[in-house]
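Working through the structure, step by step
Chain by chain, the residues run as shown.
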Amino acid sequence: MTFTASTARPNAPIGIFDSGVGGLSVLRHIRAQLPQEDLMYFADSGYAPYGDKTEQQVVDRSLAITAFLLQQGAKALVVACNTATIAAIKALRARYPDLPIVGVEPGLKPAASISRNGKIAVLATERALRGDKLLALREQVSAATGATFILQPCIGLADRIEQCELGNDPTDATSAMLERYIAPMLAQGVDTLVLGCTHYPFVQDAIVRTVRAHTQETITLVDTGDAVARQLARLLDAASLRRIDNDAPRLQGYTTAKVEALAKAFSGLLDLQPPVTHLSV
């Protein structure tokens with residue numbers, strides 16, 4: 001499936017995809033900033049997590065999902081997954097040079113500008129933290145600002161969030177996991193935590209509770225979902241593709257796993273009940 005800028009129309013939908021439900025945190029920002037847009041959300045939960053896949057596997061999944069979303073008429077693409085952005089966005093832009101594409105990346109630059117002491121923890125998946133793009137970004141921002149970035153892989157956390165286990169109970173497994181990952185960072189004196197996976201904003205309350213159990217100092221959390229939505233708006237405006245006349249915006253969900261799981265995530269995380277379709281893409 002090809003994309004031709006000359007045939008794109010403002011009333012076409014925007015395609016958003018993630019390895020699972022984490023990208024719903026980005027969708028939340030997009031709905032807030034672009035309330036008249038029709039949206040399609042693709043949760044590739046049947047192949048999750050991406051963190052234990054090879055780079056080529058993530059590229060192949062990203063290309064297949066993008067082709068499907070374009071078949072559904074997508075006018076723009078949001079790669080709402082840090083791991084997929086790091087592994088595949090270059091390949092996606094090469095395949096579809098005219099398609100407006102926005103990826104996500106851990107907010108190292110804004111974190112460096114916010115941090116008071118220059119000590120910043122980056123919470124992300126193991127694969128994301130191994131990616132050349134993130135490591136190059138860390139070196140670039142460190143050289144420019146003097147900030148120190150402590151990289152913390154949060155193995156298993158995205159899987160817990162996929163099950164809507166959000167650490168609401170201080171004694172549950174998700175809370176214990178957050179304690180294990182965050183406490184050592186706080187002991188090293190960080191004053192800023194970068195949420196380097198789109199799943200992690202959904203456990204923000206539990207993260208704040210964990211932080212407060214260890215320090216009374218102000219710790220800033222950095223979520224880049226808002227910046228992704230703003231960049232998407234800029235690209236749509238630049239291509240004259242922003243929709244301005246939609247009184248009943250539509251939202252459609254797709255998943256490669258169980259329909260019930262994505263429906264539960266829409267309801268439990270965003271209080272939405274869109275139609276959800278199972279796919280074998």
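Residues numbered from 1 in each chain as written. Predicted model: local features only at pLDDT ≥ 70, side-chain atom pairs only at ≥ 80, totals over all residues. Heavy atoms only, no water.

1. Brief notes about the state of the cysteines
The condition that has to hold: The disulfide definition used here is simple: a pair of cysteine sulfur atoms within 2.5 Å.
According to the stated counting rule, one finds 0 disulfides in the structure shown. For the unlinked cysteine C197, the closest cysteine sulfur is that of C81, found at 6.7 Å.

2. Describing the pairing of strand β7 (residues 192-195)
Keep this limit in mind: Burial status follows relative accessibility: with a 1.4 Å probe on protein chains alone, a residue under 20% of its type maximum counts as buried, one over 50% as exposed, and anything between as partly exposed. A run of DSSP states H or I qualifies as a helix once it reaches four residues; a run of E qualifies as a strand once it reaches two. Both are numbered from the N-terminal end. Strands were regarded as paired on the criterion that DSSP finds at least two bridges between them. Think of it like this: strands point away, you trace from the first strand over the helix to the second, and a clockwise trace means the crossover is right-handed.
With burial as the criterion, each face of β7 is covered, one bearing T192 and V194 and the other bearing L193 and L195. Bridge count between strand β5 (residues 119-124) and β7: 4 bridges; the pairing is parallel. From the neighbouring strand, I120 faces β7, where its bridge partner is T192. Of the pairings in the sheet, the one linking β7 to strand β8 (residues 220-222) comprises 3 bridges and is parallel in character. By the bridge assignment for β8, T192 is matched with T220. The parallel pair β7 and β8 is bridged by helix α9 (residues 204-212), and the resulting crossover is right-handed.

3. Some remarks on the packing of aromatic side chains
The criterion, for reference: Any Phe, Tyr or Trp ring, taking Trp's six-membered ring, that has another such ring centre within 6.5 Å forms a pair; planes under 30 degrees apart are called stacked, those over 60 apart edge-to-face, and the others tilted.
In total, this model carries 3 aromatic pairs according to the counting rule given. Relative to F266, the ring of Y41 has its centre 6.1 Å away and its plane inclined at 80°; by these criteria the two rings are edge-to-face. Residue Y41 is found in strand β2 (residues 39-43), and its partner F266 is found in helix α11 (residues 259-270); the two are separated by 225 residues along the sequence. In this structure Y41 comes out as buried when scored by relative accessible area, which is 0%. For the pair F42 and F68, a centre-to-centre distance of 5.9 Å together with 70° between the ring planes defines the contact as edge-to-face. With F42 in strand β2 and F68 in helix α2 (residues 55-71), this pair connects stretches of sequence that are 26 residues apart. Residues F42 and F68 agree in their burial class; the two are buried. One aromatic cluster in this structure is built from F42, F68 and Y254.

4. What to know about the sheet that holds β5
So the rule is basically this: Axis angles are defined between N-to-C directions and span 0 to 180 degrees, where every axis is a line fitted to C-alpha atoms and, for a helix, only to the segment in contact. When checking whether two residues touch, look at their non-hydrogen atoms; a contact exists if any pair is within 4.5 Å.
In space, the 4 strands of this open sheet follow the order β6-β5-β7-β8, with parallel pairing throughout. The open sheet has two edge strands, β6 (148-153) and β8, and neither has a second partner. Here the average twist between neighbouring strands, direction ignored, is 25°. Lying on the sheet, α9 is in contact with β7 and β8; it crosses β7 at an angle near 155°.

5. Notes on unusual backbone geometry
Backbone torsion omega between A48 and P49 reads -5°, so that peptide bond is classified as cis. Inspection of the secondary structure assignment puts P49 in the loop between β2 and α2. Located in the positive-phi region is S240, a residue other than glycine, with phi close to 55°. Its place among the elements puts S240 in the loop between α10 (225-238) and β9 (251-255). Of note, D271 is a non-glycine position whose phi angle comes to about 60°, a positive value.

6. Side note on the side chain of Q152
By the secondary structure assignment, Q152 is in strand β6. Judged by its relative accessible area of 14%, Q152 falls in the buried class. Aside from chain neighbours lying at most four places away, what touches Q152 is V122, L123, A124, L129, Y181 and M185.

7. Concerning the pattern of salt bridges
This is how the line gets drawn: Any Lys or Arg side-chain nitrogen found within 4 Å of a carboxyl oxygen on Asp or Glu counts as a salt bridge.
What the rule picks out here adds up to 11 salt bridges. Note that E37 is salt-bridged to K75, the shortest N-O span being 2.7 Å. A residue pair is termed long-range when its members are at least 10 positions apart, and E37 in the loop between α1 (24-33) and β2 and K75 in the loop between α2 and β3 (76-79) qualify at 38 residues. Residue E37 shares its accessibility class with K75, and that shared class is buried. Linking D237 and R242 is a salt bridge whose minimum nitrogen-to-oxygen distance equals 2.8 Å. You can call D237 partly exposed: its relative accessible area is 43%.

8. Points about the UniProt feature "binding site: substrate" (unreviewed entry) in the protein chain
Stated formally: UniProt positions are given in the numbering used here, feature names are shortened, and annotations may be inferred rather than shown by experiment. Space inside and on the surface of the protein is sampled on a 1 Å grid over the protein atoms alone, with a cavity defined as a set of points where a 1.4 Å probe fits but cannot get out and a pocket as an open set with protein on both sides within 12 Å along at least 5 of 7 lines; lining residues have an atom within 4 Å of a point. N or O atoms within 3.5 Å of each other form a polar contact, as long as, within protein, one can give a hydrogen and the other can take it, and as long as residues adjacent in sequence are counted only when both atoms are side-chain atoms.
The sites that UniProt annotates as "binding site: substrate" (unreviewed entry) are D18, S19, Y50, G51, N82, T83, T198 and H199. Taking the farthest pair of C-alpha atoms as the criterion, the annotated set spanning 182 residues converges on one region, since that pair is 12.8 Å apart. Checking the named residues against the largest cavity, the ones that line it are N82 and T198. With respect to the secondary-structure elements, T198 resides in the loop between β7 and α9. The class for T198 is buried, based on a relative accessible area of 7%. Residue contacts for T198: discarding those within four places in its chain leaves D18, G22, G23, S25, V26, A80, C81, N82 and V104. A polar contact is formed between the side chain of T198 and the backbone oxygen of A80, at a distance of 2.9 Å.

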